[in-house]
Amino acid sequence: MDKQLDLPNLLRSRLTMVATLAAMKAGELLKKAFGTSPEFTTKEGRHNLVTEWDNKAERLIIDFIKTHFPEHRFLAEESGESGEAREGIQWIIDPLDGTVNFVHSIPMFSVSIAAAVQNEVLAGAIYNPMVDELFIAEKNNGAYLNGTRLKVTKTAVLDSAICATGFPYNVHENPLCCLDHFNTFAKMGIPLRRIGSAALDLAYVAAGRYDGFWEVSLRPWDYAAGKLILEEAGGTFTNFKGERYKTFEEGPIVASNGILHDQILKNIKATLEKSNKE
């Protein structure tokens, strides 16, 4: 067994429990603040917003986890890396995935929390407090939505699929042909969705609501928990080259039910090749 997975099952269950409770506590905080017209500032990129509630939720999550695992370290969207330990378990946290929706009183956002060791996610939780949907997964123990086991779809033909995507904050610059990819799939007549929370997009593929999802640039806190939930539900997660992520890095991702993965990648690669020739 790989060293990163050689942990007692009890510890893994405890990781899942703490991730779940932290996500629910942060979600309750955000639900109470929803619709209050929060003040916000803009980070790098258009419409890349942060509110006081992003920071409050992140602090609540980290403080709660520290009460159970004071020796662990953290990688969080707003505060970056923290914690003294250079090895062992790291928590990867997005306290409010879908801040733009939250600011505009659109009830589609989530809290995403993952616990990982040596680049392997052991436990993850994604919570949408507005509809009280809790997606959780534990390495080698499956993925669940409110207690019901998740399984990806069996859709085998892309023409029959429903897919989702998201756009980077510099979408106007069309990085990695993000607009061209959307155009490619839209011209195929495939129903496309864009809900504004990558964590929920990944969870929805795991839950069989979508057959596939792609995005040209995600960061670890966007996908860490969702990647585990998807894979534990039987799905596939790679970069645009079809390669598995071996480290937590920013980059393009394709998530699918596995059956459609090569078909989605083929269209993405064709779009990129066409763009490079023009």
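Criteria and cut-off values
Residues numbered from 1 in each chain as written. Predicted model: local features only at pLDDT ≥ 70, side-chain atom pairs only at ≥ 80, totals over all residues. Heavy atoms only, no water. UniProt positions renumbered as here; feature names shortened; annotations may be inferred. Helix = DSSP H or I, 4+ residues; strand = E, 2+ residues; numbered from the N terminus. Buried < 20%, exposed > 50% of the residue type's maximum accessible area, 1.4 Å probe, protein only. Contact = heavy atoms within 4.5 Å. Pairing = 2+ DSSP bridges. Axes fitted to C-alpha atoms, helices over the stretch in contact; angles between N-to-C directions. Core = buried A, V, L, I, M, F, W, Y, C linked by side-chain atoms within 4.5 Å. Domains from an automatic or database assignment.

Per an unreviewed UniProt entry, the chain goes by the name Inositol-1-monophosphatase and belongs to Simkania negevensis. The annotation that UniProt attaches to the chain under Sequence similarities (unreviewed entry) is "Belongs to the inositol monophosphatase superfamily." Checking UniProt for the chain, the heading Cofactor (unreviewed entry) contains the comment "Mg(2+)".

Enquirer: Can you help me understand the side chain of Thr236 in this one?
Expert: Position of Thr236 relative to the elements: it lies in strand E14 (residues 236-238). Residue Thr236 is classed as buried on the basis of its relative accessible area, which comes to 15%. Apart from residues lying up to four places away in sequence, Thr236 is in contact with Leu230, Arg244, Val254, Ala255, Ser256, Gly258 and His261.

Enquirer: Explain the sheet that holds strand E12 (residues 192-193) to me, please; I cannot follow it from the model alone.
Expert: What holds strands together in a sheet is hydrogen bonding between their backbones, with the strands either parallel or antiparallel. Ordered by their spatial adjacency, five strands build an open sheet running E12-E11-E13-E15-E14, and the pairing between neighbours is mixed. What marks the edges here is a single partner per strand, and that holds for E12 and E14. Relative to strand E15 (residues 251-256), strand E13 (residues 212-218) runs antiparallel, the two sharing five bridges. Of the residues in E15, the one forming a bridge with Gly212 is Ser256. Packing of helix H5 (residues 198-206) onto the sheet brings it into contact with strand E11 (163-165), E13, E14 and E15, and relative to E13 it is tilted by some 155°.

Enquirer: Which parts of the structure should I look at to understand the nonpolar core?
Expert: Where a protein is soluble and globular, its nonpolar side chains tend to be buried together. The biggest cluster of nonpolar side chains holds 38 residues, and the ones touching the most others in it are Phe135 and Phe213. For this core, the elements supplying multiple residues, two or more each, are strand E6 (110-117), strand E7 (120-128), strand E8 (133-138), strand E9 (143-145), H5, E13, helix H6 (220-232) and E15. Here the element with the most residues in this core is H5; it accounts for eight residues. Two domains each put at least three residues into this core: domain 1 (7-149) and domain 2 (158-276). Not counting residues up to four positions away in its chain, the partners in contact with Phe213 are Ala164, Thr165, Gly166, Ala198, Asp201, Leu202, Val205, Leu218, Ile253, Val254 and Ala255. Core analysis: the second largest hydrophobic core is formed by 33 residues, Leu15, Val18, Phe74 and Phe102 among them.

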